[in-house]
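Below, each chain spelled out in residue letters.
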Amino acid sequence: GAGVSQTPSNKVTEKGKYVELRCDPISGHTALYWYRQSLGQGPEFLIYFQGTGAADDSGLPNDRFFAVRPEGSVSTLKIQRTERGDSAVYLCASSAQGNTEAFFGQGTRLTVV
Amino acid sequence: DQQVKQNSPSLSVQEGRISILNCDYTNSMFDYFLWYKKYPAEGPTFLISISSIKDKNEDGRFTVFLNKSAKHLSLHIVPSQPGDSAVYFCAAYYQTGANNLFFGTGTRLTVIP
């Protein structure tokens, strides 16, 4: 597709379960970002990939959160032992190398009950 | 620590009038600023940006002004249209970092027909 695609669009899970959120960036974009947006807040940075490697994971809140991008394209954000405080919209964005305007997906709304 | 702040959570403007959305930042290392527009259930979409070497950038009905000494920027929309009703996020980054964006908390603009 032409834009950033995220699946699923909505995910409801029980506290303590494991979830995976997927992001398909724009073809050819080498930079990929994950953000988290809580209610009433702006998006907050989680992790940044340049190609296959995580160039900056300083925004990940704790070791329950992990993300991969094994082939430099699709990325998966993984959350272990989910907590109710993890409920938020998780946004993925991609940009071409050297380009500052990131393009966002529609987000995955995660609800932990 | 909120490095980018949007102190007005909402703004209502009559159609045809000017909308002015404000943003303040605290980190003097920021050298690039962007505005994103967000509709419900969609990801943020890039609107307009400005480099710190400029004090104004214009694109159609949208103009962004930057006052570095005051660490303040604003987005002007004129004339405002009902389709402009959305949440507007101010964002900033610095090129010596990972290019991840620091977002404000957003301002909900309502343009009244």
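Check the entry above for the structure.
Residues numbered from 1 in each chain as written. Chains lettered and ligands numbered in written order. Predicted model: local features only at pLDDT ≥ 70, side-chain atom pairs only at ≥ 80, totals over all residues. Heavy atoms only, no water.

### Looking at the overall build of chain B
Assigned secondary structure in chain B consists of zero helices and 11 strands. Starting at the N terminus, the α and β elements of chain B follow one another as β-β-β-β-β-β-β-β-β-β-β. Principal-axis analysis of the C-alpha atoms gives chain B an extent of 45 × 30 × 20 Å. Residues classed as buried in chain B amount to 46% of the 113 residues present. (Helix = DSSP H or I, 4+ residues; strand = E, 2+ residues; numbered from the N terminus. Buried < 20%, exposed > 50% of the residue type's maximum accessible area, 1.4 Å probe, protein only.)

### Re the sheet that holds strand β1 (residues 5–7) of chain A
Two pairing modes exist for strands in a sheet, parallel and antiparallel, and in both the strands are linked by backbone hydrogen bonds. Residues and elements named next belong to chain A. Reading across the sheet, the four strands line up as β1-β3-β8-β7 and stay open at both edges, with antiparallel pairing between neighbours. Each end of this open sheet is capped by a strand with a single partner; those strands are β1 and β7 (65–68). Sheet twist, expressed as the mean angle between neighbouring strand axes with direction ignored, is 15 degrees. Summarising the sheet, strand β3 (residues 19–24) and strand β8 (residues 75–79) pair through five bridges and their orientation is antiparallel. Following the sheet pairing, Glu20 is matched in β8 by Lys78. (Pairing = 2+ DSSP bridges. Axes fitted to C-alpha atoms, helices over the stretch in contact; angles between N-to-C directions.)

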